[in-house]
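A closer look at the structure
In case you want the letters, here they are:
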Amino acid sequence: RSVPFDEMRRLMRVYGSIKCLRKRHTENMKIDSVKRKFYRWFPDLEERFVQDRAGFYRPKFGHQFEMCYRQAMRAKDGETLSKKR
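Just so it is clear, the model here is predicted, and its values are computed rather than measured. (Residues numbered from 1 in each chain as written. Predicted model: local features only at pLDDT ≥ 70, side-chain atom pairs only at ≥ 80, totals over all residues. Heavy atoms only, no water.)

1. A short note on the packing of aromatic side chains
We count it as follows: The rule is short: rings of Phe, Tyr and Trp, with Trp giving its six-membered ring, pair when the centres are within 6.5 Å, and they are stacked under 30 degrees, edge-to-face over 60, tilted in between. Three labels apply to residues, based on accessible area from a 1.4 Å probe with only protein chains included: buried if under 20% of the type maximum, exposed if over 50%, partly exposed otherwise in between.
Applying the stated criterion across every chain yields a total of five aromatic pairs. Each ring, one from Phe38 and one from Tyr39, has its centre 5.0 Å from the other, and the planes form 80 degrees; the classification is edge-to-face. By relative accessible area, Phe38 is classed as buried at 0%. Residue Tyr39 is classed as partly exposed on the basis of its relative accessible area of 37%. Judged by centre distance (4.8 Å) and plane angle (25 degrees), the rings of Phe38 and Phe42 are stacked. Exposure remark for Phe42: the relative accessible area of 2% places this residue in the buried category. Three or more aromatic residues joined by ring pairs form one cluster here, namely Tyr15, Phe38, Tyr39, Phe42 and Phe49.

Shown next as structure tokens:
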């Protein structure tokens, strides 16, 4: 099932990546680049989010739980990345 482009941008802005955040400029990204990035950031979208009647995707376990999960995943990825350096 495809996610509308505006909804992709909203989810990316609200929840962020599950990987360590890199400093990259994303203002002028192409649509295809945003779509690729979205599916890397949300590999388990169907398992963690549900679409409401208005077409918005909401976390199945609640907003705060999802924010904590993503923060923990970023911290774990950051530790892994620092060990590689």
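This is not the end of the story, as more comes after the structure.
2. What to know about the packing of helix H1 (residues 5-15) against helix H2 (residues 31-41)
As a reminder of what qualifies: Geometry is summarised by axes, namely lines fitted to C-alpha atoms with helices restricted to the contacting stretch, and by angles between N-to-C directions that run from 0 to 180 degrees. The helix count covers DSSP runs of H or I at least four residues long, the strand count covers runs of E at least two residues long, and both are numbered beginning at the N terminus. The labels follow the angle: roughly parallel below 35 degrees, roughly antiparallel above 145, roughly perpendicular from 65 to 115, and oblique for the rest. In this scheme the handedness of a crossing depends on how the near helix is turned from the far one: anticlockwise by less than a right angle means left-handed, clockwise means right-handed. We call two residues contacting when some pair of their heavy atoms lies within 4.5 Å.
Closest axis-to-axis distance for the H1/H2 pair is 10 Å, and the angle between their directions is 50 degrees. With respect to their mutual orientation, H1 and H2 come out oblique. Here the hand of the crossing between H1 and H2 comes out left-handed. When H1 is examined against H2, the residues Phe5, Met8, Arg9, Leu11 and Met12 are found in contact with a partner set consisting of Ile31, Val34, Lys35, Lys37, Phe38, Tyr39 and Trp41.

3. As for the side chain of Glu7
Selection criterion: Any N or O atom pair separated by 3.5 Å or less is treated as a polar contact, with the protein-specific requirement of one donor-capable and one acceptor-capable atom, and with residues adjacent in sequence counted only for side-chain atom pairs.
Position of Glu7 among the secondary structure elements: in helix H1. Look at Glu7 and you get buried, because its relative accessible area is 5%. Polar contacts involving the side chain of Glu7 include one to the main-chain amide nitrogen of Tyr57, which spans 2.7 Å. Beyond its immediate chain neighbours, meaning those up to four positions away, Glu7 contacts Gly55, Phe56 and Tyr57.

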